[in-house]
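# Survey of secondary and tertiary structure
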Amino acid sequence: MRQGLSALLIALSPCLMATSTLADGTPSTVMAIDDALFSKNSELQNAIKLAQFEQVAVENQRKELDRLDQLTAKLDAQLKEAKTNLEHDYLKMIDEPNLDITSSQRSYQDAWSQVKQNQKSRLDAEQKLQELQVKLAEKKAAQNVIEQNIASLEHKKQRARVERLRDELKRSGEQKVSFINTCSADMTLVQCGNQTTELGLQKAVKQFQSWLVNETSESGIVNQHLGDVSLNIHVLKHSVIESGFHEGSQYRTVIAAQLDARPAENAPCKLLNVESQYCFAPSESTQSSEVQKEVAWVSLSVRSNQYGDRVIVDGVQYGSTPVEVLMPVGKHHIIIEKEGYRAFNSEIDITADQTLRAVLHEYENILKPGHKFADSLKGGAKAPEMITIIKGEYLLGDNAERQLHLDHSFAMSATPVTVAQFEAFITKTNYKTDAELKNICITVDNSEVTPISESYWRNPGFKQSAQSPAVCISQNDAIAYTRWLSQQTGFKYRLPSEDEWEIVARSGSQSGYWWGDSFGHGKANTGWGGTQWSNKSTSPVRTFEPNHLGFYDVVGNVWEWTNDERGMAKGGAWIFSPEMARADKQLFVGPTTAANYLGFRILRELQ
């Protein structure tokens, strides 16, 4: 039976950087940041709800897939039982030739039909699950970006609070105080006056500090922590407005004092009870003063979607991602580059430990016909080699009389899918082909279509190698392979249309075969084609010369499925005449038909 495909592991993010660093234009005032935080938290709640909705959809789809898995075992058992009963009836027919086995035949057909339908339902359910998982990953990625933005805003708010308080504490002011002092009897008048003035200045400092603190935006929390901090108030100048004895022995003075506060660099952090890093000044390339400022150093974690890239921070190379860089808070120039990819190049304001994730995109190359490539599969293996075809005008049909405008580019496999390539699919999925379920694959014998019992893609009725084209493959089986390949690579694979297949086969020629209108001797593996395989078996792919764009076996070897729902194949085969291998010829067979002269070639869509 077909088993579940491995779920896609997304690291989503598509084409933008997810980081806690906000773009230029982030609000800088506490009030503006609070407004931005309110907005972002509203966005976060909405993002959480959307992610939860997708999570529920994923869980429901998993339950549906589990149900289909349980049904698989039941249907397999029914199929086995039906097959046993049918075989039993066949044996009884030896002794009872008139025995009616219609019921057991119908039971067997119904059983394998249900197995086949269940396989299709499971493939569809797996594909839907993976699509839902992609959507869930996207929603969670969006939620993560918002959470990082909120965290960055919170850091920004703390620094804005500190800077606001620092500015508020920098005020200067004048205090006018009156102070009455009882001097000692042994003091002179001058000594009494000086002492009263000093005590009056102390009162002015306390009064100035109280006024200064009460005028701050967060006076409540500042007053709570005032005992832990010195505001370092300086008396800039003062003058005695009035002085003299008051009511007997008491001495009274009235003072006008000009004062300002010079708190330590980290005093605002202590007063607001926040981490000291928010009081440290961003680093500067040079220090104009001999006295160095305290500078906070933070960690920047740099990640990208490409291996072998290069990280440059402020002109210094730090190797390839992932990399951790310690640096002072402030603005820094970050470059992440790799040959063949557009570089990430930006100046970011770093205020706290954070992670920078950059997505590098490959330069767009001008697509050329005949370009060869192979996508990577999970686990490090390679998909079949593909060759590109570009959009344009092509001549098709009998005698190339029909002009076609191809409005899209695509890539087609250089050869039919081989036994080794199809076996990789079977190994990963435990898929069972139509030939295996029906226990039959057909051939042509003396111009008659003849079933070969117990034959399928591993045993098509002749010897084959790993590089032979896979045969006994129905159109359904070929489509299942393209779906698996799409899930493995993340790109869209499918069967070609008739026109797409013919464009590939002709390779720009206007003749029946890509080399001309005369078939010739030994040019390709067809029936009566003059090769050692003709009328005997398939030949290994790449045995004969490729056409002008590098495609092998577009003439003969095996008929190749197209995506025509009626079940159309193209190209001729080892047991059909050379005439049937002309580019415009067609073969119609049922989509569930498996034959040892039927294989397939795959197409990959290009954006």
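Every chain begins its residue count from 1, and numbering advances along the sequence as written. Local features in this predicted model are restricted to residues whose pLDDT is 70 or higher, and side-chain atom pairs enter the listing and the counts only when it is 80 or higher, whereas totals over whole chains, interfaces and linings include all residues. Values reported for side chains reflect all heavy atoms of the structure, with hydrogen atoms and water molecules removed beforehand.

### What about the overall build of the protein chain?
Only runs of H or I of at least four residues qualify as helices and only runs of E of at least two qualify as strands under DSSP, and these elements are numbered from the N terminus. In terms of helices and strands, the protein chain carries nine helices and 26 strands. Atoms counted for the radius of gyration: C-alpha only. Globule rule: 2.2 Å times residue count to the power 0.38. For a compact globule of 607 residues, the expected C-alpha radius of gyration is about 25 Å, and the protein chain comes in at 41 Å, more than 25% above that figure. With respect to the three principal axes, the spread of C-alpha positions in the protein chain is 145 × 55 × 35 Å. Here's how the labels work: a residue is buried when its accessible area is under 20% of the maximum for its type, exposed when over 50%, partly exposed in between, all with a 1.4 Å probe on protein chains only. The burial tally for the protein chain puts 45% of its 607 residues in the buried class. Contacts: residue pairs with any heavy atoms within 4.5 Å of one another. Pairs at least 24 apart in sequence give 67% of the contacts found in the protein chain among residues at least 6 apart.

### Examining the state of the cysteines
Counting rule for disulfides: a pair of cysteine sulfur atoms within 2.5 Å. Considering all chains together, one arrives at three disulfides under this definition. The residue that forms a disulfide with Cys-269 is Cys-279, at a sulfur-sulfur distance of 2.0 Å. Its S-S torsion of about 125° marks the bond between Cys-269 and Cys-279 as right-handed, since a negative value means left-handed. Taken together, the residues span a long stretch of sequence, with Cys-269 in helix α5 (residues 267–272) and Cys-279 in the loop between α5 and β5 (297–304) at a distance of 10 residues. Using a relative accessible area of 1% as the deciding quantity, one classes Cys-269 as buried. Disulfide partner of Cys-441: Cys-472, at an S-S distance of 2.1 Å. Here the disulfide of Cys-441 and Cys-472 is left-handed, its torsion about the S-S bond being about -90°. Placement of Cys-441 in strand β19 (residues 440–445) and of Cys-472 in the loop between β20 (448–453) and α8 (475–489) is noted, with a sequence separation of 31 residues between them.

### Considering the UniProt feature "domain: Sulfatase-modifying factor enzyme-like" (unreviewed entry) in the protein chain
UniProt positions are given in the numbering used here, feature names are shortened, and annotations may be inferred rather than shown by experiment. When the UniProt feature table is mapped onto this chain, "domain: Sulfatase-modifying factor enzyme-like" (unreviewed entry) is found at residues 383–604. Segment residues 383–604 splits into 18% helix and 20% strand. End C-alpha atoms: 11 Å apart.

### Regarding the nonpolar core
One finds Phe-422, Tyr-481, Tyr-597 and Phe-600 to be the most contacted residues of the largest nonpolar core, which totals 42 residues. For this core, the secondary-structure elements that each account for two or more residues are α6 (419–429), β19, α8, β22 (559–561) and β25 (598–600). Beyond its immediate chain neighbours, meaning those up to four positions away, Phe-422 contacts Val-417, Thr-433, Trp-457, Ala-470, Ile-473, Asp-477, Tyr-481 and Phe-600. In this description, a nonpolar core means a group of buried Ala, Val, Leu, Ile, Met, Phe, Trp, Tyr and Cys residues linked to one another through side-chain atoms lying within 4.5 Å. Among the nonpolar cores identified, the runner-up in size contains 25 residues, and Leu-165, Leu-201, Ala-204 and Val-213 belong to it.

### A short note on the sheet that holds β22
Strand order in the open sheet formed by four strands is β24-β23-β22-β25, and the pairing between neighbours is mixed. Of all strands in the sheet, those with a lone pairing partner are β24 (587–588) and β25, marking the two edges. Looking at chain direction, strand β23 (residues 568–570) and β24 are connected through two bridges and run antiparallel. By the bridge assignment for β24, Met-568 is matched with Phe-588. Paired strands are those between which DSSP finds at least two bridges.

### Details of the pairing of β20
The two faces of the sheet receive side chains in turn, since in a regular strand these alternate between them. Among the six residues that make up β20, zero are buried, leaving the element largely open to the surroundings. Direction of pairing for β19 relative to β20: antiparallel, over a ladder of six bridges. Residue pairing across strands places Ile-440 opposite Ser-453, the latter belonging to β20. Between β19 and β20, which pair antiparallel in sequence order, lie two residues; one of them, Asn-446, sits at a positive phi of approximately 55°.

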